[in-house]
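An overview of the molecular structure
Here are the chains, one letter per residue:
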Amino acid sequence: MFQQKQFFVAKAGLSRRTVTMDRIYPTGPIQNFMKQMSNLQLFRDEKKELFETLTDREVEVLAHIASGMKNPVIAKELEISRATVQNHRANIRDKLNVKNQVDFVKYAMAFDLVKL
């Protein structure tokens with residue numbers, strides 16, 4: 001879905017008129033998707049150094065957390081104890097300054113750990 005973008009121009013003493021530009025702009029879901037991808041790229045660029053401080057195992061745990069798995073399920077999947085998963089989760093929170101589930105998901109999406 002693409003549409004021409006219209007701009008309203010008002011000149012002193014004249015009525016408002018519409019000017020149609022010749023460039024085509026995406027609208028609706030395509031526009032939203034493009035904005036989200038752009039925002040993720042900016043986020044990735046800003047947070048790359050922090051992300052690189054994670055160990056390989058912490059990256060695995062982050063991917064599982066972001067996909068919605070709970071600690072017992074992650075522990076079973078990775079064949080580690082629940083306490084170890086909790087430790088990894090705490091380390092990830094500290095290293096990345098993660099506050100909530102949304103932050104986990106944002107990191108995982110930005111660094112291609114989960115599929116859209």
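Right above here is the structure, for reference.
A brief report on the enclosed structure follows. (Residues numbered from 1 in each chain as written. Predicted model: local features only at pLDDT ≥ 70, side-chain atom pairs only at ≥ 80, totals over all residues. Heavy atoms only, no water.)

What about the overall build of the protein?
Rules: By the criteria applied, helices consist of DSSP H or I runs no shorter than four residues and strands consist of E runs no shorter than two, each listed in order from the N terminus. Partly exposed residues are those whose accessible area sits between 20% and 50% of the maximum for their type, while under 20% is buried and over 50% is exposed, using a 1.4 Å probe and protein chains only. Throughout, a contact is declared for two residues whenever any of their heavy atoms are within 4.5 Å. Residue exposure ignores everything except the shown protein chains as possible cover, and the areas themselves are Shrake-Rupley values with a 1.4 Å probe.
Counting its secondary structure elements, the protein contains 5 helices and 2 strands. When the elements of the protein are put in sequence order from the N terminus, they spell out β-β-α-α-α-α-α. The burial tally for the protein puts 27% of its 116 residues in the buried class. Considering only residue pairs separated by 6 or more positions, the protein has 48% of its internal contacts joining residues 24 or more positions apart. Carbon and sulfur atoms form 52% of the exposed surface of the protein, whose accessible area is close to 8,500 Å².

Let's talk about the nonpolar core
Note the threshold: Buried residues of nine kinds, namely Ala, Val, Leu, Ile, Met, Phe, Trp, Tyr and Cys, make up a nonpolar core once their side-chain atoms join them within 4.5 Å.
Ranked by size, the top nonpolar core spans 20 residues in total, and within it F51, L54, L62, I92, L96, F104 and Y107 carry the most contacts. Listing elements by their share of this core, those giving two or more residues are α1 (28-51), α2 (56-66), α3 (71-78), α4 (82-96) and α5 (101-110). Of the residues forming this core, the biggest block, 4 residues, is contributed by α2. Discounting chain neighbours no more than four positions away, the residues touching F51 are V59, L62, L96, Y107, F111 and L113.

Some points on the environment of N91
Put simply, the rule reads: Within 3.5 Å is the distance limit for a polar contact, defined as a pair of N or O atoms, with the added protein rule that one can donate a hydrogen and the other accept it, and that residues adjacent in sequence qualify only through two side-chain atoms.
Positionally, N91 belongs in helix α4. On the accessibility criterion, N91 (33% relative accessible area) is partly exposed. A distance of 3.4 Å separates polar atoms of two side chains, one belonging to N91 and the other to E58.

Some thoughts on the packing of α2 against α5
Our working rule: To obtain an axis, a line is fitted to C-alpha atoms, over the contacting stretch when the element is a helix, and the angle between two such axes runs from 0 to 180 degrees between their N-to-C directions. Note that the term roughly parallel is reserved for angles under 35 degrees, roughly antiparallel for angles over 145, roughly perpendicular for angles of 65 to 115, and oblique for everything else. What makes a crossing left-handed is the near helix being turned counterclockwise from the far one by less than a right angle; a clockwise turn instead makes it right-handed.
Contact pair α2 / α5: the axes reach a minimum separation of 8 Å and the direction vectors enclose 120°. If you check the angle between α2 and α5, you find them oblique. Read as a crossing pair, α2 and α5 show a hand that is left-handed. Here L62, I65 and A66 of α2 come into contact with α5, specifically with Q101, F104, V105, Y107 and A108.

Quick word on the pattern of salt bridges
The condition that has to hold: Criterion for a salt bridge: a side-chain nitrogen of Lys or Arg within 4 Å of a carboxyl oxygen of Asp or Glu.
For the structure on display, the rule yields 4 salt bridges. Put simply, R57 and E60 hold a salt bridge, and the shortest N to O gap is 3.2 Å. A residue pair is termed a helical-turn pair when its members lie 3 or 4 positions apart in one helix, as R57 and E60 do in helix α2 at 3 residues. R57 gets classed as partly exposed once you look at its relative accessible area, which sits at 28%.

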